[in-house]
Amino acid sequence: MADSATGGPVDPADGDGKERGDTSRPVTIAYIAESAGVSVPTVSKVINGKSGVSADTRARVEALVNEYGYRKPSGANRNNVVELVFRELEHMWAIEIIRGVERVARRHRVGLMVSEFGLHDTGEPTWDDTVSRRPNCVLSVAQLSEAEREQLRAKGIPFVVFDPATELPDDVPFVGATNWSGGRAATRHLTELGHRRIAMIGGPEDQLYCCARLDGYHSALQAAGLPADPALVVHAPLTHEDGITAARALLALPERPTAIFAANDLQALGVYQAAREAGLRIPDDLSVVGFDDLPVVAWVDPPLTTVHQPLTEMAVAATELALTLGRGEAAPQTGLEIATTLTVRASTAPPKD
């Protein structure tokens, strides 16, 4: 028999309950939603006692829930596995996250499964397989939509969002980093060295952590009494290639910057290449600061000054939080930000007179 929510086989222990009338259909949240003429997230909100549903709709859904005998799934039949979900696994920092999750999973003697879903616009199935596997909990580096969050809640699967890229509702558990403080520390380091034309390669403007790093940059400029020149800020994707392109544009300005702060290390490595193309030496002619502190940046020439984002420690904290929720225990706090620190190496120096 097919589950109308997932298209997969019905799990007799999944709490989707008894059937009514037509025995060819299981009573799933999707079936209740179809019967009530509402969306699956709306039914999930009613079942979980959440707001945002009109009184009439709530009453209609509750009546169907009672009539069909639907029972909310419990965590008793979940597998002893934490599932780590990436939208993409191409980024170099993924291994740092996996390392932290694996450390906690091993300590708690739970299994670890790593999944890659692809981007939202790929049109490929995403959470159906995860839901059918019934992990103990989910740690998502992929940014969850409201519908995806409700799909997990409907099956009683706790989740934690790692390093949120967008604003989340207050009840969504997450672990992030102090991106604003990191951006401020990076820029303050450059102002204290005496730089006055400090450029920034910002990340995508719709990414929350990139906006926070840019805000930290502006705060440090203001604290140093320096004007914020819009010409010195370029937004680009967080890749090496886009870092090259952005740096070329900045270094081609009539009055080029003496320092560039990049929103991540991959962009910063792109600045290195653009500087070489322009015949500039780092740090003699141009100081460069990155963000993340990937292991590779300590080995480039010169070693990169960067903001250390404690990815492994963040992953440890996120996994502990996810497992706490998976045990049905109350979390000590819903959201947690772990401090960033500036790692000074050889890519920054005072500007030439």
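Residues numbered from 1 in each chain as written. Predicted model: local features only at pLDDT ≥ 70, side-chain atom pairs only at ≥ 80, totals over all residues. Heavy atoms only, no water.

## Here we look at the nonpolar core
Judged by nonpolar contacts, the single largest core of 42 residues is most densely connected at Ile201, Tyr217, Ile260, Phe261 and Val288. Contributions of two or more residues to this core are made by helix H7 (179–192), strand S6 (198–202), helix H8 (208–223), helix H9 (240–251), strand S8 (259–262), helix H10 (265–277) and strand S9 (287–292). Here the element with the most residues in this core is H10; it accounts for six residues. Setting aside residues no more than four positions away along its own chain, isoleucine 260 makes contact with Ala199, Ile201, Leu250, Leu251, Val271, Leu286, Ser287, Val288 and Val289. Core analysis: the second largest hydrophobic core is formed by 29 residues, Val82, Phe86, Ala177 and Leu266 among them. (Core = buried A, V, L, I, M, F, W, Y, C linked by side-chain atoms within 4.5 Å. Buried < 20%, exposed > 50% of the residue type's maximum accessible area, 1.4 Å probe, protein only. Helix = DSSP H or I, 4+ residues; strand = E, 2+ residues; numbered from the N terminus. Contact = heavy atoms within 4.5 Å.)

## Some points on the packing of H7 against H8
For the pair H7 and H8, the least separation of the axes is 7 Å and the interaxial angle reads 40°. Judged by the inter-axis angle, H7 sits oblique to H8. Between H7 and H8 lies a crossing whose hand is right-handed. Across from Asn179, Trp180, Gly183, Arg184, Thr187 and Arg188 in H7, the residues of H8 making contact are Tyr209, Ala212, Arg213, Asp215, Gly216, Tyr217, Ser219, Ala220, Leu221 and Ala223. Of the residues belonging to the contact of H7 with H8, the class tally is seven nonpolar, five polar and four charged. (Axes fitted to C-alpha atoms, helices over the stretch in contact; angles between N-to-C directions. Parallel < 35°, antiparallel > 145°, perpendicular 65-115°, else oblique. Left-handed = near helix turned anticlockwise from the far one by under 90°. Nonpolar A, V, L, I, M, F, W, Y, C, P; charged D, E, K, R; others polar.)

## A word on the side chain of aspartate 163
Tracing the backbone through its elements, the reader meets aspartate 163 in the loop between strand S4 (159–162) and strand S5 (174–177). Within the buried core, aspartate 163 has no salt-bridge partner, and the shortest N-O distance to an opposite charge, that of arginine 213, equals 4.7 Å. Apart from residues lying up to four places away in sequence, aspartate 163 is in contact with Gln143, Val175, Gly176, Ala177, Asn179, Tyr209, Gln309 and Met314. (Lys, Arg positive; Asp, Glu negative; His and termini not counted. Salt bridge = Lys/Arg side-chain N within 4 Å of Asp/Glu carboxyl O.)

## Focus on a nonpolar patch on the surface
Taken together, the side chains of Leu89, Leu112 and Val114 present a nonpolar region at the surface, about 190 Å² in accessible area. Positionally, leucine 89 belongs in the loop between strand S1 (79–86) and helix H4 (94–108). The exposure class of leucine 89 is partly exposed, given its relative accessible area of 34%. (Patch = residues over 30% accessible without salt bridge, like charges linked within 9 Å, V, L, I, M, F, W, Y side chains within 5 Å. Areas by Shrake-Rupley, 256 points an atom, 1.4 Å probe, with all protein chains shown as cover.)

## Things to note about the packing of aromatic side chains
Enumeration according to the criterion identifies zero aromatic pairs in this entry. Its guanidinium or amino end placed over the ring of phenylalanine 291, arginine 213 lies 3.8 Å from that ring's centre, counting from NZ or CZ. (Phe/Tyr/Trp six-rings, centres within 6.5 Å; stacked < 30°, edge-to-face > 60°. Lys NZ or Arg CZ within 6 Å of the ring centre and 35° of its normal.)

## A few points about the side chain of arginine 153
Assignment of secondary structure puts arginine 153 in helix H6 (residues 146–154). For arginine 153, a relative accessible area of 15% translates into the label buried. A polar contact of 3.1 Å, which involves the side chain of arginine 153, links it to the side chain of glutamate 150. (Polar contact = N/O pair within 3.5 Å; in protein donor to acceptor, adjacent residues only side chain to side chain.)

## A closer look at the confidence of the model for the protein
Here the protein shows a mean pLDDT of 85. Residues at 70 or above account for 85%. Every residue in residues 1–26 scores below 50 in pLDDT, and together they form 56 contacts with partners more than four places removed in sequence or on other chains. (pLDDT = per-residue confidence, 0-100.)

## Regarding H10
Taking 1.5 Å of rise per residue, 13 residues should cover 18 Å, and H10 covers 19 Å from first to last C-alpha, within 8% of that figure. Here H10 lies mainly inside the structure; 10 of its 13 residues are buried. Those residues of H10 that fall on the buried side of the exposure criterion are Asp265, Leu266, Gln267, Ala268, Leu269, Gly270, Val271, Tyr272, Ala274 and Ala275. Two residues or fewer after H10 comes glycine 279, characterised by a positive phi angle close to 75°. (Expected span 1.5 Å × (residues − 1).)

## Some points on the layout of surface pockets
There is about 790 Å³ of room inside the largest pocket. If you trace the largest pocket, you find 28 residues lining it, with Glu88, His91, Gln143, Gln207 and Tyr209 closest to the centre. Considered class by class, the residues forming the lining of the largest pocket number 13 nonpolar, nine polar and six charged. (1 Å grid on protein atoms, 1.4 Å probe; cavity = no way out; pocket = protein on both sides within 12 Å on 5 of 7 lines; lining within 4 Å. Points joined across faces, edges and corners; volume = space filled by probe spheres on them.)

## A look at the sheet that holds strand S12 (residues 341–343)
Here six strands make up an open sheet; going across it, the order is S7-S6-S8-S9-S10-S12 and the pairing mixed. What marks the edges here is a single partner per strand, and that holds for strand S7 (233–235) and S12. Each adjacent strand pair in this sheet contributes to an overall mean axis angle of 20°, direction not counted. Sitting on the sheet, H8 touches S6, S7, S8 and S9, and the angle it makes with S6 is about 170°. Packed on one face of the sheet, H9 meets S6, S7 and S8 and runs near 150° to S6. (Pairing = 2+ DSSP bridges.)

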